[in-house]
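Secondary and tertiary structure notes
Given next are the chains, with one letter for each unit.
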Amino acid sequence: MKFRFLVFAIPAVLPASALPMDNPPQPSPAVLVNQPWLNEYPAWDASVWVDISSEYDYRGLVLRHSWLESCSTTLNIQGAYRPAPTWELLASWNYRSIDDGDDPWDEELQKLHDLDGQILHTKNETQLQLAARKFWNNENLSFTGGYRYTYGGFSGLMVQASQRGGDPCLNEFFFDIKRDVFGGDSDSGSNHAYVGVTASYAMGKLSGWWFDLYSAYRFSMCNRLDLETSLHINLASSYWNRTRVTPGNGAQSFVLQVAMPIRIGNHMEVVPFIGGNLLGEGAKKLNDKNTGAPMLRNFSIIGGAGVSYHF
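Residues numbered from 1 in each chain as written. Predicted model: local features only at pLDDT ≥ 70, side-chain atom pairs only at ≥ 80, totals over all residues. Heavy atoms only, no water.

Some words on the packing of aromatic side chains
Applying the stated criterion across every chain, the model contains 12 aromatic pairs. Ring centres of Y194 and Y214 lie 6.2 Å apart, and the angle between their planes is 70°; on these two criteria the pair is classed as edge-to-face. Pair noted here: Y194 is in strand β9 (residues 192-203) and Y214 is in strand β10 (residues 208-222), with a separation of 20 residues, a long-range link. Owing to a relative accessible area of 7%, Y194 belongs among the buried residues under this scheme. For Y214, a relative accessible area of 9% corresponds to the buried category. For the ring pair Y309 and F311, a centre distance of 5.0 Å and an interplane angle of 70° mean the geometry is edge-to-face. A relative accessible area of 33% places Y309 in the partly exposed class. F311 gets classed as partly exposed once you look at its relative accessible area, which sits at 44%. Ring pairs connect the aromatic residues Y58, F154, W210 and Y239, which therefore count as one cluster. The ring centre of W136 lies 5.7 Å from the NZ or CZ of K134, which sits over that ring. (Phe/Tyr/Trp six-rings, centres within 6.5 Å; stacked < 30°, edge-to-face > 60°. Helix = DSSP H or I, 4+ residues; strand = E, 2+ residues; numbered from the N terminus. Buried < 20%, exposed > 50% of the residue type's maximum accessible area, 1.4 Å probe, protein only. Lys NZ or Arg CZ within 6 Å of the ring centre and 35° of its normal.)

So this is what it looks like as structure tokens:
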């Protein structure tokens, strides 16, 4: 199989994603980038991604913690089946282990939601995504639609807080539209730039729209070293309305990231990354409603490194 490079969905997923991922748009999980189709089909494809990040963030939102106290480790497994030249079926499983140090989320959310000592125990985040993607090769355009299930993490804790317990799960349908501005053949090492938008609709205790507007540019610095910059703008509409303490609509976060993928052989990459997360005006309303210390950081710097292997 051909080797693909990976970018971060800050989301995801998306992730970014590409198969949109959450968290990422987080520095992790990684996301497979569109590739020119081979002549033969049907065909299978798979990749594994592992990373460690200095902070856990939910779509660019970072809880208030001391530096290095909420680091996260991610394992992401993705598979793809191509039944025809311009169609692809995608599946992704993502697990994020979160170390929240001495400043647990439980205390923050119990105080914020007046939970009277109830235990919100599920911090680690598990996510499953199923999707189908359609390509228009002549226009360098793709459309992806699918279903996302998330258990735990920040969204799970907000769901638990809104219903004073229960399962910390989130169900979403999403679609993603991505357009290559130029390039697109990552295997050739040529310059590659793209823009896109991922729209997710949540159902249940979190119910509403979440939009991720993203762009990225990757270019080759030498034979096995690339540099990639990406920008994600996260917006929400009625997304938090069913929680007892509601962040506002509009801008939730802005994430700018720089990564340096290093190719090792034909199947592996090592990717150090660093980026900045800026809190949007909509999400700041959650801090305004907290009578204690702000729950979300106004600005965070997140760094880390990941390894990908493509089968």
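Text resumes after the structure shown.
So, the nonpolar core
Membership of the largest hydrophobic core comes to 20 residues, with the highest contact counts inside it found for Y58, L61, F154, L206, Y239, W240 and L296. Mapped onto this core, the elements with two or more residues apiece are α2 (153-163) and α3 (281-289). When residues in this core are grouped by element, the largest group, 3 residues, is from α2. (Core = buried A, V, L, I, M, F, W, Y, C linked by side-chain atoms within 4.5 Å.)

Considerations on the confidence of the model for the protein chain
It should be kept in mind that the predicted coordinates are not to be read in detail where pLDDT is low. Residues at a pLDDT of 70 or more form 69% of the protein chain, whose mean pLDDT is 77. In the model, residues 1-38 has pLDDT below 50 throughout and makes 223 contacts with residues more than four positions away in sequence or in other chains. (pLDDT = per-residue confidence, 0-100. Contact = heavy atoms within 4.5 Å.)

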